[in-house]
Amino acid sequence: MVVKNQRKDKGEDIIQINKTGKAAMVGTPCQILAATKMDRFMEEEFPVDLKIGLFCMENFSYSNMKELFKEYHVDINDLTQYRIEKGHLWLYLTENRVVKIPLNKAKKSMRKNCQICMDFTSEQSDISVGSVGSPEGWSTVIIRTEKGLELIESAERDNYIEIKPISESGLKIMEKLANDKKTENKAEISKRESIARPVLYRRQMPYEEFINEVSECQFNDLKGDVVDIGACVLCGACFYACPEEIIEIKDRKPQIKGECPEGCNICYVACPRTYIPEEILSKKSDKEPFGKYIKILSAQANKIEGQDGGVATALLTYALSNDIVDNVIVTDKSIGDPWKPEAKITDNVAEVIKASGTKYAACPVFKPLKLSKGGSKCHLK
Ligand SMILES: Cc1cc2nc3c(=O)[nH]c(=O)nc-3n(C[C@H](O)[C@H](O)[C@H](O)COP(=O)(O)OP(=O)(O)OC[C@H]3O[C@@H](n4cnc5c(N)ncnc54)[C@H](O)[C@@H]3O)c2cc1C
Ligand code: SF4
Ligand code: SF4
Ligand code: SF4
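Fair warning: this is a prediction, and the values are worked out from it, not measured in the lab. (Residues numbered from 1 in each chain as written. Chains lettered and ligands numbered in written order. Predicted model: local features only at pLDDT ≥ 70, side-chain atom pairs only at ≥ 80, totals over all residues.)

### Section: the environment of Val99
Stage number 1. Relative to the assigned elements, Val99 resides in strand S7 (residues 98–102).
Stage number 2. Distance from Val99 to Arg192, taken between C-alpha atoms, is 35 Å for residues 93 residues apart in sequence.
Stage number 3. In this view, Val99 contacts Tyr72, Val74, Leu91 and Leu93; residues no more than four positions away in its chain are not counted. (Helix = DSSP H or I, 4+ residues; strand = E, 2+ residues; numbered from the N terminus. Contact = placed C-beta atoms within 7 Å.)

### Re the confidence of the model for the protein chain
Stage number 1. Chain-level statistics for the protein chain give a pLDDT mean of 91 and a share of 93% at 70 or above.
Stage number 2. Throughout residues 1–19 the model reports pLDDT below 50, and contacts reaching past four residues in sequence, or to other chains, amount to 24 contacts. (pLDDT = per-residue confidence, 0-100.)

### Some words on the site of ligand 3
Stage number 1. The environment of ligand 3 is made up of 14 residues, and the closest members are Phe219, Cys242, Cys260, Cys264 and Cys267.
Stage number 2. Of the residues in the shell around ligand 3, the class split is eleven nonpolar, two polar and one charged. (Near = placed C-beta within 6 Å. Nonpolar A, V, L, I, M, F, W, Y, C, P; charged D, E, K, R; others polar.)

### Some details on the site of ligand 1
Stage number 1. With respect to spatial proximity, 33 residues lie near ligand 1, and among them Met57, Gly130, Gly306, Thr313 and Val330 are the closest.
Stage number 2. Looking at the shell around ligand 1, the elements with two or more residues in it are strand S3 (23–27), strand S8 (127–130), helix H10 (311–321) and strand S14 (327–334).
Stage number 3. Here the shell around ligand 1 takes three residues from H10, the largest share from any one element.
Stage number 4. Residue composition of the shell around ligand 1, by class: 16 nonpolar, 15 polar and two charged.

### What to know about the pairing of S3
For a regular strand, the rule is simple: side chains alternate between the two faces of the sheet.
Stage number 1. Burial analysis of S3 places five of its five residues in the buried class, the great majority of the element.
Stage number 2. Note that S3 and strand S4 (residues 48–54) share five bridges and pair parallel. Looking at the pairing, Val26 lines up with Ile52 of S4.
Stage number 3. Read as a crossover between parallel neighbours, the route from S3 over helix H1 (residues 29–41) to S4 is right-handed. (Buried ≥ 20, exposed ≤ 12 C-beta atoms within 10 Å, placed from the backbone. Pairing = 2+ DSSP bridges. Right-handed = clockwise from strand over helix to strand, strands pointing away.)

Okay, here's the thing in structure tokens:
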């Protein structure tokens, strides 16, 4: 697809080869927040038009996780599924073996950045999907936008999903977990702030103040304020946004391989762990366990097996098959390195179905989006 963009600042036309079209993404709350920032601040149309967020209490380092499994005599190659439930990490292995690891033992493999995360339910998404709150084989779904509501209603009407009300007890468990995450991690944020490790994304501020704070920040500031202090969520938004294409993700960290031109600050603006204006993340969100929403319900995919109810995959396949989007960004397993997450962008329903299931490790989901654009330039609004 060829998109003609008017650069508002310079009044010049840019012809951009945009192979992406409209995309849907599925991701963790931090990835969804990065998409929201890029949609708000990038001059070119940000292609992600539908955000399906996952619930997320914590995430793990893939290499630390592999080592942890070895302590329990588990080879990651033998893993057929894993789940976090009832205070344990449950490993389902070949030959019907099951190994459970207490979550407090798994905590040492947890990513440090997750300790300052206040969002359990992907508050910036169109639709959030999780397991907590619904019976086995069902997903809990939070509908947040009109677009999300329309998608759920039409997917149900066309038999992709079945829905039912969520139980009172399910809602209570969700609320407790969401509040626990906010309370515990707020304490960690206060601790880090008190030892000069600022948690900038929780200093929500009015728009003008935000613009002022970010105006002169470049990659070195991103490195100092986010990467070096254990706040990077490895989402790849900085990689996506950089118009000079000098950011690379190497050794599980964004790194720079060139000089930043004067006046550019787009990687800093795109990052979900730098300043955020109140219009995106209100201070009130600390007190709202699930953020803003229209409805909460339980749902189950009719034909797809997923991590829980298969709803995330069913909605993505529905959106693709009905031309609501042209592509979707999913996180599949890496070839040759099982359970290592690898993001991909695809318009193929079979590939979306293949990517179902949770991989408990971080990966730069915006990287394939950039590569699919063929490296076209990005600018701030
Ligand atoms: C790191 C992580 C932690 C989670 N923690 C919780 C929790 O504490 N409580 C809870 O209720 N739910 C949690 N979830 C969500 C839960 O595991 C299911 O993903 C969710 O219930 C959707 O189930 P489903 O059957 O509808 O999804 P499926 O139809 O199986 O689809 C899952 C989708 O998730 C995507 N995905 C898989 N791994 C990743 C990843 N690492 N990053 C980004 N996208 C990914 C895949 O692309 C796929 O499209 C977590 C998910 C992740 C990725
Ligand atoms: S920072 Fe960690 S806990 Fe928060 S959404 Fe991202 S992966 Fe999940
Ligand atoms: S050129 Fe701009 S976006 Fe790229 S690293 Fe430098 S400041 Fe960041
Ligand atoms: S530094 Fe880059 S990869 Fe890390 S959280 Fe920020 S935008 Fe994402």
